[in-house]
Amino acid sequence: MSSTTAGLTRQWTTWGPVVAAIGLALGWGRDHLPGFAVALIVLCLFAAVLSAVHHAEVIALRVGEPYGSLVLAVAVTVIEVGLIVTLMIGGGDKATSYARDTVFAAVMITCNGIVGLALLVAALRNRTAVFHAEGTGGELAVVCTLTTMTLVLPTFTTSHPGPEFSAAQLGFAAVASLCLYGVFVAVQTVRHRDYFLPVTRPGQQIDDEHAQPPSSRMAWISLGLLLLALVAVVGNAKLVSPTIEDAVASAGLPKAVVGVVIAMMVLLPETLAAVRAARRDRMQTSMNLAYGSAIASIGLTIPVIALASIWLDGPLILGLGPLHMVLFVLTAVVSALTVVPGRATLLQGSVHLSIFAAFVFLSFSP
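Rules used throughout
- Residues numbered from 1 in each chain as written.
- Predicted model: local features only at pLDDT ≥ 70, side-chain atom pairs only at ≥ 80, totals over all residues.
- Heavy atoms only, no water.
- Helix = DSSP H or I, 4+ residues; strand = E, 2+ residues; numbered from the N terminus.
- Buried < 20%, exposed > 50% of the residue type's maximum accessible area, 1.4 Å probe, protein only.
- Areas by Shrake-Rupley, 256 points an atom, 1.4 Å probe, with all protein chains shown as cover.
- Contact = heavy atoms within 4.5 Å.
- Polar contact = N/O pair within 3.5 Å; in protein donor to acceptor, adjacent residues only side chain to side chain.
- Core = buried A, V, L, I, M, F, W, Y, C linked by side-chain atoms within 4.5 Å.
- 1 Å grid on protein atoms, 1.4 Å probe; cavity = no way out; pocket = protein on both sides within 12 Å on 5 of 7 lines; lining within 4 Å.
- Points joined across faces, edges and corners; volume = space filled by probe spheres on them.
- Nonpolar A, V, L, I, M, F, W, Y, C, P; charged D, E, K, R; others polar.
- Expected span 1.5 Å × (residues − 1).
- Phe/Tyr/Trp six-rings, centres within 6.5 Å; stacked < 30°, edge-to-face > 60°.
- Patch = residues over 30% accessible without salt bridge, like charges linked within 9 Å, V, L, I, M, F, W, Y side chains within 5 Å.
- Salt bridge = Lys/Arg side-chain N within 4 Å of Asp/Glu carboxyl O.
- pLDDT = per-residue confidence, 0-100.
- Axes fitted to C-alpha atoms, helices over the stretch in contact; angles between N-to-C directions.
- Left-handed = near helix turned anticlockwise from the far one by under 90°.

> I'm lost on the overall build of the protein chain in this one. Help?
Along the protein chain, the regular secondary structure elements total 13 helices and two strands. When each of the 366 residues of the protein chain is scored for burial, the buried share is 54%. For the protein chain, the accessible surface area stands at approximately 15,500 Å², while carbon and sulfur atoms represent 68% of it.

> It is not clear to me how the side chain of Ser222 should be interpreted in this structure. Could you clarify?
Among the secondary structure elements, Ser222 is positioned in helix 8 (residues 216–250). If we skip the residues at most four places from it in the chain, Ser222 touches His55, Val58 and Ile59.

> Got a minute to help me understand the side chain of Thr331 in this structure?
In this structure, Thr331 sits in helix 12 (residues 322–339). Look at Thr331 and you get buried, because its relative accessible area is 4%. Within the local environment of Thr331, its side chain forms a polar contact with the side chain of Asn112, the two groups lying 2.9 Å apart. Setting aside chain neighbours within four positions, we find Thr331 in contact with Met108, Cys111, Asn112 and Ile355.

> Is there a simple way to explain the nonpolar core in this structure?
Among soluble globular proteins, nonpolar side chains are generally buried collectively. Core analysis: the largest hydrophobic core is formed by 107 residues, its most contacted members being Met88, Leu119, Met283, Tyr291 and Phe359. With 16 residues, helix 5 (residues 98–126) is the single largest residue contributor to this core. Not counting chain neighbours up to four residues away, the residues in contact with Phe359 comprise Phe104, Ala105, Met108, Val260, His324 and Leu327.

> Before we go on, may I ask you to explain empty space enclosed by the protein in this structure?
Unfilled space is identified by rolling a water-sized probe across the atoms. All chains considered together, the criterion is met by one cavity of 30 Å³ or more. Considering only enclosed or pocket space, the largest cavity measures out at about 30 Å³ in volume. Every residue along the wall of the largest cavity is listed here: Val107, Cys111, Leu140, Val143, Cys144, Phe328, Thr331, Ala332 and Ser335. Secondary structure elements with two or more residues in the lining of the largest cavity: helix 5, helix 6 (133–156) and helix 12. Ranked by residues supplied to the lining of the largest cavity, first place goes to helix 12 with four residues. Tallied by class, residues from the lining of the largest cavity come to seven nonpolar, two polar and no charged.

> Can you help me understand helix 11 (residues 283–308) in this one?
An α-helix turns once every 3.6 residues. As a result, residues three or four positions apart point the same way. The terminal C-alpha atoms of helix 11, which comprises 26 residues, lie 37 Å apart, in line with the 38 Å expected from a rise of 1.5 Å per residue. Most of helix 11 sits out of view: 24 of its 26 residues are buried.

> Looking at this structure, how should I read the packing of aromatic side chains?
What describes a pair of aromatic rings is the distance from one ring centre to the other and the angle between the planes of the rings. Evaluated as defined, the whole model comprises three aromatic pairs. Both rings, one in Phe104 and one in Phe359, keep their centres 5.8 Å apart while their planes meet at 75°; by these two values the pair is edge-to-face. Pair noted here: Phe104 is in helix 5 and Phe359 is in helix 13 (residues 346–364), with a separation of 255 residues, a long-range link. Comparing Phe104 with Phe359 shows no difference in burial state: the two are buried. Note on Tyr181 and Phe184: the rings are 6.4 Å apart at their centroids and 45° apart in plane angle, and the pair reads as tilted. Linking Tyr181 with Phe184, this pair stays in helix 7 (residues 167–191), spanning three residues, or about one helical turn. Like Tyr181, the residue Phe184 is buried in the burial classification. One aromatic cluster in this structure is built from Tyr181, Phe184 and Phe196.

> Looking at this structure, how should I read the environment of Val38?
The residue Val38 is located in helix 3 (residues 35–63) in this model. Taking the C-alpha atoms as reference points, Val38 and Gly27, 11 residues apart in sequence, are found 9.3 Å from one another. Those residues in contact with Val38 that sit more than four places away from it in its chain are Leu33, Val240 and Thr243.

> Is there a simple way to explain a nonpolar patch on the surface in this structure?
The grouping of Trp12, Leu50 and Leu272 at the surface amounts to a nonpolar patch, some 290 Å² of accessible area in total. Among the structural elements, Trp12 can be located in helix 2 (residues 12–27).

> Explain the confidence of the model for the protein chain here, please?
Predicted coordinates in regions of low pLDDT should not be interpreted in detail. Per-residue confidence for the protein chain gives a mean pLDDT of 83, with 89% of residues at or over 70. pLDDT under 50 marks residues 1–10. Its contacts with residues more than four places away, or in other chains, come to 17 contacts.

> Whenever I open this one, helix 7 confuses me. Can you help?
The terminal C-alpha atoms of helix 7 lie 34 Å apart, and with 25 residues this matches the ideal 36 Å at 1.5 Å per residue to within 8%. Every buried residue belonging to helix 7 is among Leu170, Ala173, Ala174, Ala176, Ser177, Tyr181, Phe184, Gln188 and Thr189, and all of these are buried.

> When you look at the packing of helix 5 against helix 12 in this model, what are you seeing that I'm missing?
Relative to each other, helix 5 and helix 12 sit at 35°, their axes nearing to 11 Å. Helix 12 is crossed by helix 5, and the crossing has left-handed handedness. In this structure, helix 5 contributes Phe104, Met108, Cys111, Asn112 and Leu119 to the contact, and helix 12 contributes His324, Leu327, Phe328, Thr331, Ser335 and Thr338. Of the residues assigned to the contact of helix 5 with helix 12, the class counts are six nonpolar, five polar and no charged.

Below, the structure written as structure tokens:
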């Protein structure tokens, strides 16, 4: 990493977000883009993803863990919420379940895809992946509680027909989600911060513990570029979403596939950051990124969607169907068995990836 601002400007990670943002500005407002334009936007999207991971690591070096992973998770989620609301405003009746599909896809991607991939990488390099059971268990408990309150209960409530909340129930779920998210952040960053720091094995030195932290100016520059990169990621994901929707419709696939694909693109920065942390034997950081992103996705999305529903037309479908509820229960049980020992092997990573593969496959072929 360069130690001067001039050095930073020579890195492609500086120009990647700028180019991606220019592509976003040129394509914004167009309903359908030609094939070559979609290909260029996809390239810009991946450049912005890689840049976001780099700048998130710069910030993490400056502020330390778990603040670094929290910054990336919250930044991505805030912009993801904007994407969901934008899609719901312009999507009409077919967008009534976008929030549910995208949020549940985010839960499955983070709890199974990111966790499984990180565990696999860490176990292949170090035979076992180690993390704090106290901190990770608390994160998992928050994920399960938020998912149940916001995505499972609407299927069983009787005040409103269909898998929907009544206005009062939606308000309660929004306030409860926001409060629980606030408590989680306070516990993670203040009261029990040590539960969320990377575990150091006996005699081990983590490489970046002695790295020279960037200056405040460098950190602020990286923060600005991180936000620009994330705006470009989510904005470009929206630009290619009509192409995705058309492809899904022409292939006769369920419309929930759109939410899955968009969630995958939006969560690419967390995925790459979690895998890179796992390769450095910082499995706790990977867990913080995965579960923290799931918590932020629900804890921030549902309150905003609750407010947006005041002026959005049409129903707001939040309740999961039987198939997805089974997958969620399986995820919760397996995740608890993974987290409780505080260490995992190749087997646990493979199990989580198998559940994720089942989720993706059944999304395309329910």
